Amino acid sequence: MDNDLRTIVEKMTKELQPWLDRPSETTEKIARMRQQMGELDGALKADGLRTAMKALDEAESEAKRARMKEAAEAITELCRPLGVRLDARDAPKRSGRKPGSKKTAAPAPKS
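Here's a quick rundown of the structure. The structure presented is a predicted model; accordingly, all values stated were derived computationally and were not measured.

What to know about the overall build of the protein chain
- If you tally the helices and strands in the protein chain, you get three helices and zero strands.
- Secondary structure elements of the protein chain, listed N to C terminal, follow the sequence α-α-α.
- Counting over 111 residues, the protein chain shows a buried share of 12%.
- For the protein chain, the exposed surface amounts to about 10100 Å²; the carbon and sulfur share of it is 55%.

As structure tokens, then:
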């Protein structure tokens, strides 16, 4: 890669990161909900609280992916007049563990 191009892309990346890290309206709402759920700790069953917190984690991840896609679409649109064609895509999702993917210990040999 040409050094000038590398410098341009690195600068854009450094300037974009604080924007991506800044809380959006959605992530701020999720944080408030998380705080309220924490305050209800004694009023809810542990399973219900755990399920609600997991749902908030998933919502926060989805909000971050949406923000990344918004950035990708803006960059794609702004590069189009330059003749540079980019394809904005969703950020990759981390795959969860599949049922039965745990390794089981081999039974000890009988003596």
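That was the structure; now back to the text.
Structural notes on the pattern of salt bridges
- Summed over all chains, the structure comprises six salt bridges.
- A salt bridge links E25 to K29, with the nearest nitrogen and oxygen atoms 3.3 Å apart. Here E25 and its partner K29 are both found in helix α2 (residues 25–39), four residues apart, which amounts to about one turn of the helix.
- With a relative accessible area of 41%, K29 lands in the partly exposed category.
- Across the salt bridge formed by R80 and E77, the nearest N and O atoms sit 2.8 Å from each other.
- In the salt-bridge network here, residues are joined through shared partners; they are R34, D57 and E60.

Brief notes about the side chain of T76
- Positionally, T76 belongs in helix α3 (residues 46–79).
- Take T76: its relative accessible area is 8%, and that puts it in the buried class.
- With sequence-adjacent residues up to four places away left out, T76 is seen in contact with L86, D87 and A88.

Let's talk about the packing of helix α1 (residues 3–21) against α3
- In the contact formed by α1 and α3, the axes pass within 11 Å of each other and the chain directions differ by 145°. Judged by the sense of rotation from one axis to the other, the crossing of α1 with α3 is right-handed. In this structure, α1 contributes M12, L16, W19 and L20 to the contact, and α3 contributes R67, M68, E70, A71 and I75.
- Of the residues assigned to the contact of α1 with α3, the class counts are seven nonpolar, no polar and two charged.

Details of the side chain of T27
- Take T27: it is sitting in helix α2.
- Here the side chain of T27 touches S24 through a polar contact of 2.7 Å, landing on its backbone nitrogen.

Observations concerning the environment of K69
- Summarising the element assignment, K69 is placed in helix α3.
- For the pair formed by K69 and D90, sequence separation is 21 residues and the distance between their alpha carbons is 5.5 Å.
- Look past the residues within four positions of K69 in its chain and what remains in contact with it is R89 and D90.

About the thresholds
- Residues numbered from 1 in each chain as written.
- Predicted model: local features only at pLDDT ≥ 70, side-chain atom pairs only at ≥ 80, totals over all residues.
- Heavy atoms only, no water.
- Helix = DSSP H or I, 4+ residues; strand = E, 2+ residues; numbered from the N terminus.
- Buried < 20%, exposed > 50% of the residue type's maximum accessible area, 1.4 Å probe, protein only.
- Areas by Shrake-Rupley, 256 points an atom, 1.4 Å probe, with all protein chains shown as cover.
- Salt bridge = Lys/Arg side-chain N within 4 Å of Asp/Glu carboxyl O.
- Contact = heavy atoms within 4.5 Å.
- Axes fitted to C-alpha atoms, helices over the stretch in contact; angles between N-to-C directions.
- Left-handed = near helix turned anticlockwise from the far one by under 90°.
- Nonpolar A, V, L, I, M, F, W, Y, C, P; charged D, E, K, R; others polar.
- Polar contact = N/O pair within 3.5 Å; in protein donor to acceptor, adjacent residues only side chain to side chain.

Function cannot be read off these values alone, since they describe shape.
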